[in-house]
Amino acid sequence: MLQPSDAPEQSQSLPSTFNFLTATQVVSTTLNCTTSQVTCKASARSNSMPSNARYFRNDAPLSRRDPHKQLIASLTRLVTDYPPASIPPGGGLYFGPVSIAYLFFILQPVYQDLEIEGRPMGAWSAAYLQQAQDHMGEYPGPSTRRCGVSDDIMALLALGAALAKDADLAQELCAYAAVTTDPAAGDEWLYGRAGYLYLLRLVRASFATPDVDDDAGKRVRRMLADTADEVVEAIMESGRPWKWHGKAYVGAVHGSVGIVTQIVLTDPSWAPKLEADLGALLSYEFPSGNWPSSIPADRDRLVQFCHGAAGIVASLLSIRQYFPNLHDRIDGAIRRGRACIVERGLLTKEPCLCHGISGNALALEDAEFEHFLTYTTGHEMKGMAKDGILEKSDHPSSLWCGEAGRAWTWAVADRELEKRFPGYNDV
């Protein structure tokens, strides 16, 4: 995935109400395979691909691992290999300590009695959040070049407001609409307005639970909705096609499908006005079932979440219900896209959500989903590294680029959760 310059346009001071870790603290491998299966996979990897290939052939019989055992193994690796104090600051919900804290935050309601290395999910979430808060002085703050899910201050405000049901933190987050609606701000998910919509939606969901005072919850939800309206209007006023760094990207992270998805999941009433945009996106599909990274279309190359079929299939599954006039086209695109992922989705990049096997797995149906996950175990990754075909991650601990994301997929398999991407379409 392309990375923009990280140079901030302006610095923002830490909001005065930013103190929620106390509330956070109260929120409360064995491989199941035979030697012949492991040998078969190793042989398939080493014999079916050139040294510079992006993926290896998916020709092993369908198989699965015990997802609960693999979840425990993944979470144990996460907290022992990448303890809170070792994680460099930065990255928002995408990478860094906040992203790992968010993983434990969303796992806590599902695994209330589970402890990893003697600590429950809520305690691990608090520990990684503490690491982020300890480095707040290093964060430049939101700017028109970084105001999506990757901004640390905005992500921390959103997570803090969601954890503590704190109306003041929600208001602080909404105040950044002045940045995101600036004409210079981008529209995409990772660094732009669409990602800000996700953060608003996350907070809104936390104020719609039975433990929130009805009148107070209504006031906060109205404030969040009004802010979201401003942001959506700014996106809709942008010229088409939406561009990031001068290119008209198509995919979930930087492109049009990510923007459409965030708008519609935030406020479905916008769907009719986005039907033409989604129809155009569907028309960009290659005969292979994949999509180009940007238009005008060039090569049929990347099959992953950020660019290619996996992100578009996952997005279409989330928003299909809001586009009844496109159901047949969407269903065909999902079918072809999944076939493409099955054929070309076992990537040599370190398994992760953004550009690896884990994210591709989440776009598939159950049997293929579980089969893809068998390539993301610690044992299998060691085998890929030994074969010299593993392209290691720059952020190996993180939610979107590393171990935390792999743990999420094992939790999905273990508890049969909806196949969603945290920080993108899980709320």
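Predicted model only: the values in this text are computed from it and were never measured. (Residues numbered from 1 in each chain as written. Predicted model: local features only at pLDDT ≥ 70, side-chain atom pairs only at ≥ 80, totals over all residues. Heavy atoms only, no water.)

Looking at the overall build of the protein
Each helix and strand in the protein was counted, giving 18 helices and four strands. Burial statistics for the protein: of 427 residues in total, 58% are counted as buried. Counting every atom, the protein has about 16500 Å² of accessible surface; 48% of that belongs to carbon and sulfur. (Helix = DSSP H or I, 4+ residues; strand = E, 2+ residues; numbered from the N terminus. Buried < 20%, exposed > 50% of the residue type's maximum accessible area, 1.4 Å probe, protein only. Areas by Shrake-Rupley, 256 points an atom, 1.4 Å probe, with all protein chains shown as cover.)

With respect to helix α10 (residues 214-236)
A rise of 1.5 Å per residue sets the reference length of α10, with its 23 residues, at 33 Å; its end C-alpha atoms lie 32 Å apart and thus fit the reference within 8%. For α10, the complete set of buried residues consists of G217, V220, L224, A225, T227, A228, V231, V232, A234, I235 and M236. (Expected span 1.5 Å × (residues − 1).)

Digging into a positive patch on the surface
Taken together, the side chains of R54, K247, R299 and R301 present a region of like positive charge at the surface. Here R54 is to be found in the loop between α2 (35-47) and α3 (67-81). (Patch = residues over 30% accessible without salt bridge, like charges linked within 9 Å, V, L, I, M, F, W, Y side chains within 5 Å. Salt bridge = Lys/Arg side-chain N within 4 Å of Asp/Glu carboxyl O. Lys, Arg positive; Asp, Glu negative; His and termini not counted. Charge placed at Lys NZ, Arg CZ, Asp CG, Glu CD.)

Topic: the pattern of salt bridges
Should their charged atoms come close, side chains of opposite charge can pair. Scanning the model with the defined rule gives 17 salt bridges in all. Note that D331 and R320 form a salt bridge whose closest N and O atoms lie 2.6 Å from each other. One end of the pair, D331, is in helix α14 (residues 327-344); the other, R320, is in the loop between α13 (309-319) and α14, and eleven residues separate them in sequence. Take D331: its relative accessible area is 29%, and that puts it in the partly exposed class. R320 gets classed as partly exposed once you look at its relative accessible area, which sits at 27%. The partner of R415 in a salt bridge is D414, and the shortest N-O contact between them spans 3.9 Å.

A look at the packing of aromatic side chains
Evaluation of the coordinates by the stated rule reveals 15 aromatic pairs. Seen from their ring centres, W124 and Y128 are 6.3 Å apart, and the 40° between their planes marks the pair as tilted. With W124 and Y128 both in helix α5 (residues 121-133), this residue pair falls four residues apart, about one helical turn. The residues W124 and Y128 share a single accessibility class, namely buried. A network of ring pairs unites the aromatic residues Y94, F95, W189, F305, W400, F421 and Y424 as a single cluster. Lying over the aromatic face of W124, R119 brings its terminal NZ or CZ to 4.4 Å of the ring centre. Above the ring of F369, the side-chain terminus of K419 is found at 5.2 Å from the ring centroid. (Phe/Tyr/Trp six-rings, centres within 6.5 Å; stacked < 30°, edge-to-face > 60°. Lys NZ or Arg CZ within 6 Å of the ring centre and 35° of its normal.)

Let's talk about helix α6 (residues 152-164)
An ideal rise of 1.5 Å per residue puts 18 Å on 13 residues; α6 measures up with 18 Å between its terminal C-alpha atoms. Most of α6 is tucked away, with twelve of its 13 residues classed as buried. The backbone nitrogen of I153 lies 3.3 Å from a side-chain oxygen of the residue at the head of α6, namely D151. Directly after α6, the chain includes K165, whose backbone phi takes a positive value near 50°. (Polar contact = N/O pair within 3.5 Å; in protein donor to acceptor, adjacent residues only side chain to side chain.)

A closer look at the nonpolar core
One finds L75, F323 and W400 to be the most contacted residues of the largest nonpolar core, which totals 131 residues. When residues of this core are assigned to their parent elements, the largest contribution, ten residues, is made by α6. Not counting chain neighbours up to four residues away, the residues in contact with L75 comprise L103, F104, L107, L114, I116, M121 and A407. (Core = buried A, V, L, I, M, F, W, Y, C linked by side-chain atoms within 4.5 Å. Contact = heavy atoms within 4.5 Å.)

Here's the deal with the side chain of T348
In this structure, T348 sits in the loop between α14 and α15 (357-362). The exposure class of T348 is buried, given its relative accessible area of 6%.

Focus: the packing of helix α9 (residues 193-206) against α10
Axis separation between α9 and α10 bottoms out at 10 Å; the angle between their running directions is 165°. It follows from the interaxial angle that α9 and α10 lie roughly antiparallel. For α9 against α10, the interelement crossing comes out left-handed. Contact with α9, carried on its side by R193, A194, Y196, L197, L200, V203 and R204, involves R221, L224, T227, A228, V231, V232, A234 and I235 of α10 and no other residues of that element. The residue inventory of the contact of α9 with α10, partitioned by class, reads eleven nonpolar, one polar and three charged. (Axes fitted to C-alpha atoms, helices over the stretch in contact; angles between N-to-C directions. Parallel < 35°, antiparallel > 145°, perpendicular 65-115°, else oblique. Left-handed = near helix turned anticlockwise from the far one by under 90°. Nonpolar A, V, L, I, M, F, W, Y, C, P; charged D, E, K, R; others polar.)

Some remarks on the packing of α3 against helix α4 (residues 97-107)
At a minimum axis separation of 13 Å, α3 and α4 run at an interaxial angle of 145°. Helix-helix and strand crossings are classified by hand; for α3 and α4 the assignment is left-handed. Together, L75, L78 and V79 of α3 and I100, L103, F104 and L107 of α4 make up the contact between the two elements. Residues that form the contact of α3 with α4 fall into these classes: seven nonpolar, no polar and no charged.

So, the environment of E403
As for its placement among the helices and strands, E403 is situated in helix α18 (residues 403-415). Taking C-alpha positions, E403 is 9.9 Å from S393, a pair spaced ten residues apart along the chain. Sequence-distant contacts of E403, that is, excluding residues within four places in its chain, are made with S74, R77, L78, P396, S397 and S398. Looking at E403, its side chain comes within polar contact range of the side chain of S74, at 2.6 Å.

A few points about the state of the cysteines
Within the structure shown, the criterion is met by zero disulfides. Between C401, a cysteine without a disulfide, and C352, which holds the nearest cysteine sulfur, the sulfur-to-sulfur distance is 5.5 Å. C401 gets classed as buried once you look at its relative accessible area, which sits at 4%. (Disulfide = S-S within 2.5 Å.)

Let's talk about the environment of L190
Inspection of the secondary structure assignment puts L190 in the loop between α8 (177-180) and α9. A C-alpha to C-alpha distance of 7.9 Å links L190 and Y94, two positions 96 residues apart in sequence.

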